[in-house]
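Per-entry structural report
Each chain is listed here by its residues.
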Amino acid sequence: MAIEAFLRGSSVVVSAPTSSGKTLIAEAAAVATVARGRRLLYTTPLKALSNQKFRQFRETFGDNNVGLLTGDSAVNKDAQVLVLTTEILRNMLYNSVGMASSGSGLFHVDVIVLDEVHYLSDISRGTVWEEIVIYCPKEVQLICLSATVANPDELAGWISQIHGKTELVTSSWRPVPLTWHFSTKTSLLPLLNEKGTHMNRKLSLNYLQLSAVNSYRDDGSRRRNLRRRGRNGSLDSSVSMSEQPLSKNDKNMIRRSQVPQVVDTLWHLKARDMLPAIWFIFNRRGCDAAVQYVEDCSLLDGCETSEVELALKRFRLQYPDAVRETAVKGLTRGVAAHHAGCLPLWKSFVEELFQRGLVKVVFATETLAAGINMPARSAVISSLSKRTNTGRVQLSPNELLQMAGRAGRRGIDERGHVVIVQTPYEGAEECCKLLFSGVDPLVSQFTASYGMVLNLLGGAKVTRRSNESDETNTLQARRTLEEARKLVEQSFGNYLGSNVMLAAKEELAKIQKEIEALTYESSDDSIDRKSRKLLSEMAYKEIADLQEELRAEKRFRTELRRRMELKRFSALKPLLKEFENGHLPFICLQYKDSEGVENLVPAVYLGKVESLDGSKLKKIVSVDDSFELSSVGTELNAGESDTHQDVEPTYHVALGSDNSWYLFTEKWIKTVYRSGFPNVALTHGEALPREIMRSHLDKGEMQWEKLADSELGGLWYMEGSLETWSWSLNVPVLSSLSESDEALHMSQEYIESVERYKEQRNKVARLKKKIARTEGFREYKKILDMAKFTEDKIKRLKARSNHLINRMEQIEPSGWKEFMQISNVIHESRALDSNTHVIFPLGETAAAIRGENELWLAMVLRNKILLDLKPAQLAAVCASLVSEGIKVRAWKNNNYIYEPSSTVQNVISLLEEQRNSLLQLQQKHEVEIPCCLDGQFSGMVEAWASGLSWRELMMDCAMDEGDLARLLRRTIDLLAQIPKLPDIDPLLQKNATTASDVMDRPPISELTG
């Protein structure tokens, strides 16, 4: 269908599952385009994917017909099939806006293929994809290939509106169907039931708990005791246990007990012939550890081992510096790691062995799921959440399906297998919830940049080189502010905002109207009217009088409960104060979750938040409105003559036995025990336990989630860390803490208040029974049942309303305001006159650069202090501009990093002043675009550019090979741009070329091999 649409002259959007053969459409388009003697441009989001497509197309169309164009590589760039990066294509298109393609640099181009177009939702790179669609000449056909997304019709509708006729082709069919499995400590079970509609009931937490009890019974003495107990009791304990709702603590314990070791799951995969497998682990350290953990389990036979050793020998001869020595043993056993910490050459080698069937398991980070052609029989997903800079984040449905899509080799496997592994954080229930939630929609990430503004508004140049014609200047000068605005407002976000938002608002208005009508139907007044109409006068009066009495008694019950809490607070406050400087007592927290299940959490008490001077938590609680308590305290004191500040709720913090931090008020403390951790240093000179725990708490990300709420303050929790794990293991279970150990002894006043509350609660219950025995109650109950049904419907409508509101929040229209704010910075920095559109030399340079902050890069490269630098020193300074995201590994000694020369350090110090000036100017105009300048790794780049060998550079280095290679490639990319930039000093261009040539050598050469 897609090929037919293309042959009819339409642009095409294809949305289909990963590994369903979307690339065949692009290949068919390339055949047709080459046959016509025209050109096709193929762009991908990843450089590795570009290189892979380049090799594939060469095999299909021959070396002479295929080219590659990346930031630092240009191979046969005039070829009929050209693979290139999105940023380069976007820059080529800047000059094509409003012109025919023949006059835009897109000579003879008929087709542009946008592979992995769902990257349009990528927060850092999505803008480039939208710009390509917006600027693309209308006579050029677009082929957009996307993984399954929720709104492909919206993408196709947008392209149709701004580019031309576009046909949508969607499919949920996979050539190799997937089977989902779930791995626990003892078994590998189907994740879904036979129909594939619900979770396999054997994976429910209740069932797993029952299984654990039955296995526990196998112990002789306990088995006899349990049998005796079963004969004496009316119900078997295991049966009753399976029917009871589980608390959060129970769930955590069951999950932890079911977590398998890597080798457990691997054994199941091998036994069921489910290898080869890609095993996704969301951090590179975890990937390397997994390889070491299983490297003693050989997955290869003798013949395969010999083939690997031979391939390794050839690779070592060709690229001696690229061999990852720590991974060699695992490789000869059939296992390998694949992540950003590895050299690109080594990763390519692992990919080649995997495709040849000589590596059976690859432990990889999720980047491997993004389009690289490495299909396997199975995909193992080690966790449904991953750690980020802001805490632990759950995978999106799109991410889960992207990784799952690697399973199943076309033409080899009848079925692909996806294995989800039990973790301490989530299990089969969370997996099914994610799997059945549906894929996420594409959203717009369109944001303006300096390059965009300069290229759209830039007109006549102050300086014109001799080879530039008047016609060129005229073409550039004719784009007005209004024309630029029309282009910017063609973004996908604005399309969604104008079309989808309108439909969502209409539906939301209908829902709100229906909710209002239903709320009126279920109100007390409505119930009263229906009762008056349906019941006899005598029956109505009896029920109405009793209902009024019931409401009054309920209000009094609430008041008595509040007084009871006040008495409890009065007993708790002085007790907790006693423990602020002494030992760390054990406490029990009590709350009901959203399902009404009561949870008891044993914990070790750290202290009152107010007493944690200088801590992050104290600062957060004091400034974040979510933790506000002052209004609650005022309400408590109203009308209470005998209360004072001691009964106002305050926040406390404790570490639970489940390795979670808990933030809570006195409301949630069930009891306090005398026993606890002694606040005594374990060894001489070591910090006290209270100080150690405080430091662990301060290291947390402070991502608190609310568990429960009340008028007396909330209960919050936050995941602990590996450092707090050992502390949490030493918190005893509640059954081992006796009542005699409780330090919380309530006053006679409290006991009396509890009795009064219980008495009032019983009174309310008796009144309800009395109402149920009245003459007209049966009819009255029908009215109440109908009101409850209406309330349930209101809940469903509110859920739909919230879903629509969330969708509308995602659809945030791209504003002209941001574009103009950047324009003001450009105008004030003398890069462009926004009134006359005359572009100055600084603007010319910035418009031609590819980078995150083009203006900042241009300011640096035009600075005369760079002219005194040697090539290696220039490379070091350039590295400081592109080192964002490069980090020293925390588990390595950062003393082993080469320091930059004093000349480089002095230049970076001078540039810091220039950077601060630009940041102030950006702040003035509310522009938030990073200006990177970090010389931490400049010495490493300077050493490499000075000719130091890779082996010498990496000796005892605190960086991973892949990180250093990525920094060097980024630096080469920037250096390679300098000779092509307008109005740059020839000496700087010469030094940049020299530095780039020296640095572009194995094992980091982009196209080596």
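For every chain, the first residue of the written sequence is number 1, and numbering continues from 1 onward in sequence order. Predicted model: local features are reported for residues with pLDDT of at least 70 only, side-chain atom pairs are reported and counted for 80 or more only, and whole-chain, interface and lining totals are derived from all residues. Just so you know, side-chain values use all the structure's heavy atoms and leave hydrogens and water out.

1. Points about the overall build of the protein
Helix numbers and strand numbers start at the N terminus; a helix is a DSSP run of H or I with at least 4 residues, a strand a run of E with at least 2. A count of helical and extended segments in the protein gives 38 helices and 24 strands. Residue burial is assigned from relative accessible area. The probe radius is 1.4 Å, only protein chains are included, and a residue is buried under 20% of its type maximum, exposed over 50%, and partly exposed in between. Split into buried and exposed, the 1009 residues of the protein put 52% on the buried side. We call two residues contacting when some pair of their heavy atoms lies within 4.5 Å. Of the contacts made within the protein by residues no fewer than 6 positions apart, 77% connect residues no fewer than 24 positions apart. The protein chains shown are the only cover counted for residues, whose accessible areas, like all others here, come from Shrake-Rupley with a 1.4 Å probe. Element-wise, carbon and sulfur atoms account for 50% of the exposed surface of the protein, whose accessible area totals about 47800 Å².

2. Focus: the sheet that holds strand β17 (residues 416–421)
Pairing is mixed in the open sheet, where 7 strands are placed in the order β10-β9-β17-β14-β11-β13-β12. Since the sheet does not close on itself, it has two edges, and those belong to β10 (188–190) and β12 (335–338), each with one partner. Taking each pair of neighbouring strands and ignoring which way they run, the sheet shows an average axis angle of 25°. Strands are treated as partners if at least two bridges between them are detected by DSSP. Sheet topology note: the strand β11 (residues 277–280)/strand β13 (residues 361–364) ladder contains 4 bridges and is parallel. Bridge pairing in β13 links W279 to F363. To obtain each axis, a line is fitted to C-alpha atoms, and for helices this fit is confined to the stretch in contact; angles are then taken between N-to-C directions over 0 to 180 degrees. Contacts from helix α11 (residues 262–271) reach β9 (178–183), β10, β11, β13, β14 (378–381) and β17, with the element oriented near 155° to β11. Of the strands in this sheet, β12 and β13 touch helix α12 (residues 284–294), which is tilted by about 175° from β12.

3. Looking at the environment of R561
Within the secondary structure layout, R561 lies in helix α23 (residues 537–578). For R561, a relative accessible area of 34% translates into the label partly exposed. In sequence terms R561 and Q760 are 199 residues apart; their C-alpha atoms lie 9.6 Å from each other. Contacts of R561, omitting those with residues within four sequence positions, involve K667 and Y757.

4. Considering the nonpolar core
Grouped together as the largest cluster of nonpolar side chains are 169 residues, with contacts concentrated most on W158, L191, W346, F819 and W950. For this core, the leading source of residues is helix α33 (residues 871–881), giving 8 residues. Ignoring anything within four residues of it in the chain, the contact list for W346 reads L312, F315, A322, V323, R324, A327 and L331. By nonpolar core is meant a set of buried Ala, Val, Leu, Ile, Met, Phe, Trp, Tyr and Cys residues that side-chain atoms within 4.5 Å join together.

5. Some details on the pattern of salt bridges
For salt bridges, the criterion is a side-chain nitrogen of Lys or Arg within 4 Å of an Asp or Glu carboxyl oxygen. All chains considered together, the criterion is met by 44 salt bridges. Among the salt bridges present, the one from D792 reaches K788, with a minimum N-O distance of 3.9 Å. Separated by 4 residues within a single helix, D792 and K788 lie in helix α29 (residues 777–810), roughly one turn from each other. For K788, a relative accessible area of 48% gives the class partly exposed. Each member of the salt-bridge network shares a partner with another, and the members are D273, R377, R409 and D413.

6. Comments concerning the confidence of the model for the protein
When pLDDT is averaged along the protein, the result is 84; 88% of the residues meet or exceed 70. In the predicted structure, residues 98–104 sits below a pLDDT of 50 and forms 16 contacts with residues beyond four places in sequence or in another chain. Scored below 50 in pLDDT, residues 219–242 shows 15 contacts in the model against residues more than four places distant or in partner chains. How sure the predictor is of each residue is captured by pLDDT, a score from 0 to 100.

7. Quick notes on empty space enclosed by the protein
Site definitions follow a grid-based scheme: protein atoms alone, a 1 Å grid, a 1.4 Å probe that fits but cannot get out for cavities, and for pockets an open set with protein on both sides within 12 Å along at least five of seven lines, plus lining residues having an atom within 4 Å of a point. Grid points are joined across faces, edges and corners, and a volume is the space filled by probe spheres set on the points. Evaluation of the coordinates by the stated rule reveals 3 cavities of 30 Å³ or more. Looking at the largest cavity, its volume works out to about 40 Å³. The wall of the largest cavity is formed by E521, S522, I527, K530, I783, M786, A787 and T790. Elements that contribute at least two residues to the lining of the largest cavity include exactly α22 (524–534) and α29. Broken down by element, the residue count for the lining of the largest cavity peaks at 4 residues, all from α29. Only Asp, Glu, Lys and Arg are considered charged, only Ala, Val, Leu, Ile, Met, Phe, Trp, Tyr, Cys and Pro nonpolar, and every remaining residue, Gly among them, polar. Among the residues making up the lining of the largest cavity, the classes are represented as 4 nonpolar, 2 polar and 2 charged.

8. Examining the side chain of T44
By the secondary structure assignment, T44 is in strand β2 (residues 39–44). Exposure remark for T44: the relative accessible area of 1% places this residue in the buried category. Pairs of N or O atoms within 3.5 Å make up the polar contacts considered here, provided that, within protein, one atom can donate a hydrogen while the other can accept it, and that residues adjacent in sequence are counted only when both atoms are side-chain atoms. At a separation of 2.6 Å, a polar atom in the side chain of T44 contacts the side chain of S50. When neighbours within four sequence positions are excluded, T44 is seen to be in contact with L49, S50, K53, L84, T85, T86, D115 and W129.

9. Considering the sheet that holds strand β8 (residues 166–170)
Sheet strands associate in pairs through backbone hydrogen bonding, adopting either a parallel or an antiparallel arrangement. With mixed pairing, the 8 strands of this open sheet are ordered in space as β4-β3-β5-β2-β6-β7-β1-β8. Sheet topology places β4 (74–75) and β8 at the edges, where each strand pairs with a single neighbour. Summarising the sheet, strand β3 (residues 66–69) and β4 pair through 2 bridges and their orientation is antiparallel. Along β4, the bridge assignment pairs L68 with V75. Docked against the sheet, helix α3 (residues 47–61) engages β2, β3, β4 and β5 (81–85), running at close to 165° with respect to β3. Helix-sheet contacts for helix α5 (residues 126–135) involve β2, β6 (109–114) and β7 (141–146), and the interaxial angle to β6 is about 155°.

10. Some words on the pairing of strand β21 (residues 660–664)
Of all 5 residues in β21, 5 are buried, a share of seventy percent or more. Along β21, one buried face is formed by S660, Y662 and F664 and the opposite face, lined by W661 and L663, is buried too. As paired elements, strand β20 (residues 652–656) and β21 share 4 bridges and run antiparallel to each other. What sits directly across from L655, in β21, is W661. Once β20 ends, the chain turns through 3 residues before running back antiparallel as β21, passing N659 with a positive phi of about 60°. Here 5 bridges tie β21 to strand β24 (residues 715–719), and the two strands are oriented antiparallel to one another. Following the sheet pairing, Y662 is matched in β24 by Y717.

11. Points about the environment of C878
The residue C878 is located in helix α33 in this model. Dropping the residues within four chain positions of it, C878 is found in contact with L861, T971, L974, L975 and I978.

12. Observations regarding α3
The terminal C-alpha atoms of α3 lie 21 Å apart, and with 15 residues this matches the ideal 21 Å at 1.5 Å per residue to within 8%. Those residues of α3 that are buried lie in contact with α2 (23–35), β2, β3, β4 and β5. One or two positions beyond α3, positive phi appears at G62, with a value near 90°. Multiplying 1.5 Å by the residue count of a helix minus one yields the expected span of that helix.

13. Quick look at unusual backbone geometry
In most cases, non-glycine residues show a negative phi, while peptide bonds are predominantly trans. Along the chain, L275 connects to P276 via a cis peptide bond; the corresponding omega equals 5°. Within the element layout of this structure, P276 appears in the loop between α11 and β11. In this model, P1002 is joined to P1003 through a cis peptide bond whose omega is 10°. The topology assignment puts P1003 in the segment after α38 (986–999). Look at N76: it is not a glycine, yet its phi comes out positive at around 50°. Among the structural elements, N76 can be located in the loop between β4 and β5.

14. Overview of the packing of aromatic side chains
Only Phe, Tyr and Trp rings are paired, with Trp represented by its six-membered ring, and only when their centres lie within 6.5 Å; those with planes under 30 degrees apart are stacked, over 60 edge-to-face, the remainder tilted. Considering all chains together, one arrives at 15 aromatic pairs under this definition. A centroid spacing of 5.1 Å and a plane angle of 70° characterise the contact between Y42 and F57, whose relative ring orientation is edge-to-face. Here the residue Y42 occupies a position in strand β2, and F57 occupies one in helix α3, the gap between them amounting to 15 residues. Exposure class is identical for Y42 and F57. Each is buried. Put simply, the rings of F315, Y319, W346 and F349 touch in pairs and so form one group of aromatic residues. Sitting over a ring, as applied to charges here, requires NZ of Lys or CZ of Arg to be within 6 Å of the ring centre and within 35 degrees of the ring normal. Sitting over the face of the ring of W944, R1001 holds its NZ or CZ atom 3.5 Å from the ring centroid.

15. Remarks on the side chain of R969
Secondary-structure assignment places R969 in helix α37 (residues 961–977). Judged by relative accessible area, R969 falls into the buried class, the value being 8%. Within the structure, R969 has its side chain in polar contact with the backbone oxygen of I1004 (distance 2.6 Å).

16. As for the environment of Y750
On the secondary structure map, Y750 appears in helix α28 (residues 748–772). Placed 186 residues apart in sequence, Y750 and M564 show a C-alpha to C-alpha distance of 6.3 Å. For Y750, the contacting residues outside a window of four places in its chain are M564, K567 and R568.

17. Regarding the state of the cysteines
Here, a disulfide means two cysteine sulfur atoms that sit within 2.5 Å of each other. According to the stated counting rule, one finds 0 disulfides in the structure shown. Note on C431: no disulfide assigned, nearest cysteine sulfur contributed by C432 at a separation of 5.5 Å.

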